[in-house]
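Tertiary structure, described
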Number of protein chains: 2
Amino acid sequence: MTSSIDRTTTVANQESDATFDLKAYLKQQQVQVEAALDQSIAVIYPEKIYEAMRYSLMAGGKRLRPILCLASCELMGGTAEMAMPTACAMEMIHTMSLIHDDLPAMDNDDYRRGKLTNHKVYGEDVAILAGDGLLAYAFEFIAAQTRQVPPERVLQVIAKLGRAVGAAGLVGGQIVDLDCEGKSNVSLETLNFIHRHKTGALLEASVLCGAILAGADEADLQRLSRYAQNIGLAFQIIDDVLDITATQEELGKTAGKDLQAQKVTYPSIWGIEESKRQADQLIAEAKAELAPFGAAGQPLMALADYITARKN
Amino acid sequence: MTSSIDRTTTVANQESDATFDLKAYLKQQQVQVEAALDQSIAVIYPEKIYEAMRYSLMAGGKRLRPILCLASCELMGGTAEMAMPTACAMEMIHTMSLIHDDLPAMDNDDYRRGKLTNHKVYGEDVAILAGDGLLAYAFEFIAAQTRQVPPERVLQVIAKLGRAVGAAGLVGGQIVDLDCEGKSNVSLETLNFIHRHKTGALLEASVLCGAILAGADEADLQRLSRYAQNIGLAFQIIDDVLDITATQEELGKTAGKDLQAQKVTYPSIWGIEESKRQADQLIAEAKAELAPFGAAGQPLMALADYITARKN
């Protein structure tokens, strides 16, 4: 873990600015996000559902979506405080999608983030409800907890987030993914559709919602949208590569699953080296979108580098 | 179906106002709600998820939650147009809860509203995702489609609805319900907790959200909250009674399930006659809350009567 961050720091230092310390930035943002997530859900009666929700929400993870949301809000002149409820909601929804994705009827996974999956600990029924609870709470949390933001912007954020999670986003990507299971003739177009929706939509929403809260204009939103779409696809390409090259210990989840399932992935189409090259190209394009923002864009620049440099 | 509505009409006529035609009112509201629901989800690529969402959303049902929402908004001086997106969202969320509740890992039901359950038609994986899609879309739909309402009221509605669905509401009720399965020593207090959350919270949210959209003041919201809590509990008591007394054809779902599962219900604690008496008492108290509204309260009065008079 340390080595991946070290490498990222170096990359970020070389490519964006020698004064920006990504390692310290990530650490600081993660601490803030963890604290906010920890405070977001108290365990009251009926304890089991809150414990199940917290079990997966507090199971670590990179907190990439919240950090992107906070960074994007600050880039557009907002404060971390304005974006924190939305940032937490992004992680609640991401966690919900992992809990449901791990269910026996879906990917049937026993481990996630190095721990037993939710349904292995609490049972399938509780895991389904814990996901539903996190999804509903994410919207409640944004609507009830956002401060110092005009209400019409908060509504825009809720609309965008709902779309990013539903059939037009994450859920739609998962459906096509399920449909492609066991098929060896999946086209690159379909693979792109899956990942632009399954992973990309929520990453893009994280970036855009942060910017919307800060009052970004349409031109900046379009620029950030292209940034986010590029890093989203790069993120998935690297995920596919790591599934082949990383160990289970590094991943915190079962490694080699795609190969075992004979799943069509970017490396299965392009090979590992070309996949890495494509990811690097997407990251370069993402970073180019940030050029007009100058030094203020450093956190998002460094986060883009982090996507390809990570080990899990 | 006709006979139950006829009986309701008579009750409503006797007890509220001879000029109010509940049968015509329900029919008219149902037609409007069906049309709005039908327009709310188009089938586009990937078709399967939209079809699965529509399959359960358009499978009939009483549309009680949307009708309560519209009636409450109109009672407080708002228009049906202001409340229609929220009314549809209530039905999307109710439908989501039914889809997930019917899953093999939960209640494992094959029939709902007289049709095969979602997972029996589309598979468990798609059914889980269809529920997630409906839940996310409900919030998007309110945020993106509500017109002629100040945005801070829409945010209040989203916060209240999120709370009504999540661990503090519906999901919390379901968790306690699951926990009580196979237990014969469930207390009346626990039974009340289950139903105030599992059924009551969303019914209450339907009534309150309609009123919030219209700009109701705190006193009226408290009055409507008591109305809604009473009809919610009465609704569940009658549900338990119908599980014993109605046929599968009348219910559109498996009858006698509670007895078979040796589930503690209101009739198992009180007997059938006392259960009906308690439900009638709750309905009388609910209607008493509406007295200050005079003739404008007729639709909600009649809807309260409908709860106990219904046959499914």
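Keep in mind that what you see is a predicted model, and the values were worked out from it rather than measured.

**Things to note about the relation of the copies chain A and chain B**
Mapping chain A onto chain B calls for a rotation angle of 180° and an axial translation of 0.0 Å; the resulting RMSD is 0.0 Å. In the structure described here, the two chain copies are related by an operation that fits a two-fold rotation axis. Closest approach to the rotation axis among the C-alpha atoms of chain A is made by Pro151 of chain A, whose C-alpha sits 2.8 Å away. Here 100% of the interface residues in chain A have copies in chain B that are interface residues too; the copies meet face to matching face.

**Observations concerning a nonpolar patch on the surface**
Residue and element names in this part refer to chain A. Residues Tyr111, Leu116 and Val121 make up a contiguous nonpolar surface patch of about 230 Å² in total accessible area. Structurally, Val121 is set in helix α6 (residues 118-122). The exposure class of Val121 is partly exposed, given its relative accessible area of 38%.

**Comments concerning the interface of chain A and chain B**
Across the contact, 44 residues belong to chain A and 45 residues belong to chain B. Counting each side, the surface lost to burial between chain A and chain B is near 3,800 Å², with a carbon and sulfur contribution of 78%. Broken down residue by residue, the surface that chain A buries against chain B is led by Leu129, Leu155 and Ile175 of chain A, which jointly contribute 16%. At the junction of chain A and chain B, the tally comes to four salt bridges. A salt bridge links Asp179 of chain A to Lys48 of chain B; the shortest N-O distance between them is 2.9 Å. Taken together, chain A and chain B are joined by ten residue pairs in polar contact (both at pLDDT 80 or more). Only α3 (47-57), α5 (80-101), α7 (124-145), α8 (151-165) and α9 (170-180) of chain A provide two or more residues apiece to the side of chain A that touches chain B. Per element, the largest residue contribution to the side of chain A that touches chain B is 13 residues, and it comes from α7 of chain A. Split by residue class, the side of chain A that touches chain B holds 30 nonpolar, six polar and eight charged.

**Regarding the pattern of salt bridges**
Throughout the structure, instances matching the rule amount to 28 salt bridges over all chains. Across the salt bridge formed by Arg63 of chain B and Glu34 of chain B, the nearest N and O atoms sit 2.6 Å from each other. One end of the pair, Arg63 of chain B, is in the loop between α3 (47-57) and α4 (64-75); the other, Glu34 of chain B, is in helix α2 (residues 22-40), and 29 residues separate them in sequence. Taking relative accessible area as the criterion, Arg63 of chain B reaches 1% and is therefore assigned buried. Judged by relative accessible area, Glu34 of chain B falls into the partly exposed class, the value being 25%. Each member of the salt-bridge network shares a partner with another, and the members are Glu34, Arg63, Glu91 and Arg113 of chain A.

**What about α9 of chain A?**
Residue and element names in this part refer to chain A. With ten of eleven residues buried, α9 is to be regarded as a mostly interior element. Every buried residue of α9 is listed here: Leu170, Val171, Gly172, Gly173, Gln174, Ile175, Val176, Asp177, Leu178 and Cys180. Looking at the residues trailing α9, positive phi occurs at Gly182, about 80°.

**Here we look at the packing of aromatic side chains**
Aromatic ring pairs are described here by two measures, namely the spacing of the ring centres and the angle between the planes. Under the definition given, this model contains eleven aromatic pairs over all chains. The ring of Phe235 of chain A has Arg65 of chain A sitting right over it, with the charged end atom 5.8 Å from the ring centre.

**As for the side chain of Ser56 of chain A**
Residue and element names in this part refer to chain A. You can see Ser56 is positioned in helix α3. Exposure remark for Ser56: the relative accessible area of 11% places this residue in the buried category. At 2.8 Å, the side chain of Ser56 and the side chain of Asn118 are in polar contact.

**What to know about the environment of Tyr111 of chain B**
Residues and elements named next belong to chain B. Examined against the element boundaries, Tyr111 turns out to sit in strand β1 (residues 111-112). Accessibility expressed as a relative area gives 36% for Tyr111, which makes it partly exposed. The spacing of Tyr111 and Gly252 is 141 residues in sequence and 7.2 Å in space, taken between C-alpha atoms.

Analysis parameters
Residues numbered from 1 in each chain as written. Chains lettered and ligands numbered in written order. Predicted model: local features only at pLDDT ≥ 70, side-chain atom pairs only at ≥ 80, totals over all residues. Heavy atoms only, no water. Least-squares fit on C-alpha atoms with pLDDT ≥ 70 in both. Contact = heavy atoms within 4.5 Å. Patch = residues over 30% accessible without salt bridge, like charges linked within 9 Å, V, L, I, M, F, W, Y side chains within 5 Å. Areas by Shrake-Rupley, 256 points an atom, 1.4 Å probe, with all protein chains shown as cover. Salt bridge = Lys/Arg side-chain N within 4 Å of Asp/Glu carboxyl O. Helix = DSSP H or I, 4+ residues; strand = E, 2+ residues; numbered from the N terminus. Buried < 20%, exposed > 50% of the residue type's maximum accessible area, 1.4 Å probe, protein only. Buried area = accessible area lost by both parts, 1.4 Å probe. Polar contact = N/O pair within 3.5 Å; in protein donor to acceptor, adjacent residues only side chain to side chain. Nonpolar A, V, L, I, M, F, W, Y, C, P; charged D, E, K, R; others polar. Phe/Tyr/Trp six-rings, centres within 6.5 Å; stacked < 30°, edge-to-face > 60°. Lys NZ or Arg CZ within 6 Å of the ring centre and 35° of its normal.

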